[in-house]
Amino acid sequence: LSRKLWLPDTSVADPAATPLGGPVGFPISAWLLPGGPDSFVRNHDWVEALNPADDQTQSVDSDDWTPMVSLRYTFDEYGWIDSGGAYFTYSEGFLSGGVSENLNFVTGNLDSFDPEEVTNYELGVKLIGLDNRLTINTALFYMDYEDRQLTSVKFNPDTQLPQATVINADSADVLGLEVET
């Protein structure tokens, strides 16, 4: 990073055209611009790439329908149980695909990743008992993922520096039991 110190131009009539400064009465502004002060566009517009290979536009369009169905059976007092219920839930989830923020080291292009889809099954029981002195909630769940999105780290072969990237795992399963009292 280069560090440039310069004074705001107070002779310019249009305040929007002057560099952003510090607090009033603080005449010096510090700019940390990797490309130097010429790479900063004051109107926050796009900076054209000088190398056509750097001018990359890419988009991903993904959508999905994600239904959910839940069935519940409620029961009244029985033995030590004051009230309670049992339920089963089926649901589907979706996380849109996207475009990586970093260039691929080999191709020099932006990588994209696929949407993540999950199917969830949950079976649970919720109980209140012992004259409202005890609550027990349990859930057994299973999630089946396709194209699970994971944040991974790749190393630049030239600089050996790490770089975060999003990748798709082919599939993943999560099985769990939750108990709350």
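That block above? That's the structure.
1. Concerning the overall build of the protein
Now for step 1: When helices and strands are counted, the protein shows zero helices and nine strands.
Now for step 2: The burial tally for the protein puts 20% of its 181 residues in the buried class.
Now for step 3: Restricting the contact set of the protein to residue pairs at least 6 apart, pairs at least 24 apart contribute 55%.
Now for step 4: Entry remark: accessible area of the protein is about 13,600 Å², with carbon and sulfur atoms responsible for 55%.

2. Re the side chain of glutamine 149
Now for step 1: Position of glutamine 149 among the secondary structure elements: in strand β8 (residues 134-155).
Now for step 2: At 3.4 Å, the side chain of glutamine 149 and the backbone oxygen of leucine 95 are in polar contact.

3. Overview of unusual backbone geometry
Now for step 1: The phi torsion at leucine 130 lies on the positive side, around 50 degrees, for a residue other than glycine.
Now for step 2: Notably, aspartate 131 is not glycine yet its phi reads approximately 55 degrees, a positive angle.
Now for step 3: Following the sequence through the fold, aspartate 131 ends up in the loop between β7 (116-129) and β8.
Now for step 4: The exposed category is assigned to aspartate 131, whose relative accessible area is 61%.

4. A few points about a nonpolar patch on the surface
Now for step 1: A cluster of nonpolar side chains, contributed by Phe88, Tyr121, Leu123, Leu140, Tyr142, Leu175, Leu177 and Val179, occupies part of the molecular surface with about 800 Å² of accessible area.
Now for step 2: Residue assignment for the nonpolar patch shows that the elements contributing at least two residues are β7, β8 and β9 (162-180).
Now for step 3: Considering the arrangement of structural elements, one finds tyrosine 142 in strand β8.
Now for step 4: For tyrosine 142, a relative accessible area of 30% corresponds to the partly exposed category.

What counts as what
Residues numbered from 1 in each chain as written. Predicted model: local features only at pLDDT ≥ 70, side-chain atom pairs only at ≥ 80, totals over all residues. Heavy atoms only, no water. Helix = DSSP H or I, 4+ residues; strand = E, 2+ residues; numbered from the N terminus. Buried < 20%, exposed > 50% of the residue type's maximum accessible area, 1.4 Å probe, protein only. Contact = heavy atoms within 4.5 Å. Areas by Shrake-Rupley, 256 points an atom, 1.4 Å probe, with all protein chains shown as cover. Polar contact = N/O pair within 3.5 Å; in protein donor to acceptor, adjacent residues only side chain to side chain. Patch = residues over 30% accessible without salt bridge, like charges linked within 9 Å, V, L, I, M, F, W, Y side chains within 5 Å. Salt bridge = Lys/Arg side-chain N within 4 Å of Asp/Glu carboxyl O.

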